[in-house]
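Tertiary structure, described
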Amino acid sequence: MTTTSDITLEAVSSVDAISAADWDACARSGTIVPHPDEAGAVGSDCTAATAAYNPFLRHAFFAALEQSRSASARTGWGPRHLIAREDGRIVGLVPCYLKSHSQGEYVFDRGWADAYERAGGSYYPKLQVSVPFTPATGPRLLIREGVDPARVGGALVNGLMALCDLSKASSVHVTFARESEWRFLAERGFLQRTDQQFHWHNAGYSSFDDFLATLNSRHRKGIKRERRDAVANGITIHHLTGADITEDAWDAFFEFYIETGSRKWGRPYLNREFYSLIGQSMSEDVLLVMAKRNGRWIAGAINFIGGDTLFGRHWGAIEHHPFLHFEVCYYQAIDFAITRGLKVVEAGAQGEHKIARGYLPQTTYSAHFIADPALRRAIADYLKRERMYVDEMGRELTEAGPFKKGNIADPA
C-alpha cells in the first residue's frame, strides 16, 4: 500500500475484494481523464469526457472470468487490481493482472519478450491492464464521477509504476484504451502504440436496405448474394438475449466455441462455467445469434450490448455452410444495431475481409511502460515506425472500402 497526495493506493488479488457497488460506480461513470490539449490545463477545474456504457467493465464480467478460473494465476492471469481511496472511499481503480505469458491480449509483444530474453533479461512477469481475452476499446483508468479525474488518474498511473517495481515486473501494458487515456499515459512516460480493427458505423440507417443503398453496386450485389446463400440449406437465424438464453443454448454455443477455438488457438481461453456465470449475472447484456438447421443449433456468435456499441466476440460452428459466418457475425450484427439504434459494431480483432462488408479501419490504442532503459529505447524506435505504418495502412484500406464515393457513410 502506498500514498500519493492523500490518495491511498492498494493492489488486491481478486475482483471479489472490491464490492460490485464500488467497482461499478467507477466503471459505469465512464469518466475519462482529459488531455491538456482537449480540456485546458490539467488541474482541479478541468472537465472530463464520459464514455458510453461498456458491459466488459462491469464487476460481473470480471467476476465471471475470475470465479470460473478462466483468468487466474494458474492460467497466467494473476489479478492485481489497483484501488485508489480518498478519505476511505474508493475513487478509482484499474483492472490489472500479473502475467507470465503474452497470450489472450490481442496486442502482440512476443517479439519484445524474445529480444529482451536473448539479451539476458526477464520479460515475465509483466503487468497487463486490460479486460482478459477481450479486444474491445474502453476506459482503463476507472474513475468515480464527481472527483478530479486528472488527480485520481495521475495517482493511479503512479501506482501502476510502483506496482511494477514491487512485483519485479518488466513492464506495464495498458491495451485497448481510449485515445485520451493513451495521451494521458504518454505524458507520464508510457510509450504509445497503435493498431487497427474494423468497425461498422451507423449513419442513421432505418433498415439494412438503407445501409446497402450507400454501397457501390458490386459490393451491394455481393452482400445480397451472401445473405441469400447463407440460409439456402434450410437454415434459420435466431436472436437470443436475456431469459431466452437457456443452459441448453449455452451448451450449444460452447460446443461451437470449443470447435473453432481449438483450431485457432490450440486451447480456448474461456471455460463452460464462465458462460453460465455470465448467463446468471448479465444475460440482458448478451446477444446470441444462433443458426438452426433440421431442429438443432449448428452455429452461433456471442455479442455484448453496450450503450452505443454492439461488441462482437466469439463465433463457432459444427456445420459449415457458405457465407454463414458472414451472416451470423457481421450482417446480423448490423441488423441488430440498426434496430436498437446503436452507433457502432465492433467486430473483434483483425480480419481485412470485413472491409467488403462495410466494416472500415478504426485505430486502437495501447500504452506501455518499460522499466529497462535500453529495452525502452529499442521499443520506442520500433513504435515510431509502426505507428506510421498503421496510419498509412488505415488510409489505404479505407480507400478500398465498399461505399460509393461522396456518400455520407464514406469517411473519405
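Cut-off values and rules
Residues numbered from 1 in each chain as written. Predicted model: local features only at pLDDT ≥ 70, side-chain atom pairs only at ≥ 80, totals over all residues. Heavy atoms only, no water. Pairing = 2+ DSSP bridges. Helix = DSSP H or I, 4+ residues; strand = E, 2+ residues; numbered from the N terminus. Axes fitted to C-alpha atoms, helices over the stretch in contact; angles between N-to-C directions. Buried < 20%, exposed > 50% of the residue type's maximum accessible area, 1.4 Å probe, protein only. Polar contact = N/O pair within 3.5 Å; in protein donor to acceptor, adjacent residues only side chain to side chain. pLDDT = per-residue confidence, 0-100. Contact = heavy atoms within 4.5 Å. Parallel < 35°, antiparallel > 145°, perpendicular 65-115°, else oblique. Left-handed = near helix turned anticlockwise from the far one by under 90°.

As annotated in an unreviewed UniProt entry, the protein chain carries the name GNAT family N-acetyltransferase and is attributed to Rhodopseudomonas palustris.

A word on the sheet that holds strand S16 (residues 309-317)
For sheets, the rule is that strands pair by backbone hydrogen bonds, running either parallel or antiparallel. With respect to topology, eleven strands assemble into an open sheet ordered S5-S8-S9-S11-S18-S12-S17-S16-S15-S14-S13, the strand pairing being mixed. Among the strands making up the open sheet, the edge pair consists of strand S5 (77-79) and strand S13 (236-240). Adjacent strand axes in the sheet meet at a mean angle of 30° when their direction is disregarded. Bridge count between strand S12 (residues 191-201) and strand S17 (residues 344-346): three bridges; the pairing is antiparallel. Paired with His201 across the two strands is Val344, which belongs to S17.

Overview of the environment of Ser276
Structurally, the position occupied by Ser276 is in helix H10 (residues 272-282). According to the relative accessible area criterion, Ser276 is buried, its value standing at 13%. Sequence separation of Ser276 and Ser68 is 208 residues, and the distance between their C-alpha atoms is 9.3 Å. Looking at Ser276, its side chain comes within polar contact range of the side chain of Arg272, at 2.8 Å.

Describing the confidence of the model for the protein chain
Chain-level statistics for the protein chain give a pLDDT mean of 92 and a share of 91% at 70 or above. Scored below 50 in pLDDT, residues 38-47 shows 15 contacts in the model against residues more than four places distant or in partner chains.

Things to note about the packing of helix H8 (residues 217-230) against helix H11 (residues 324-340)
At a closest axis distance of 9 Å, the pairing of H8 and H11 adopts a crossing angle of 115°. The pairing of H8 with H11 is recorded here as roughly perpendicular in orientation. The way H8 lies across H11 gives a crossing that is left-handed. Residues Ile223, Glu226, Arg227 and Ala230 of H8 lie in contact with H11, whose contacting residues are Leu324, Phe326, Glu327, Tyr331, Gln332 and Asp335.

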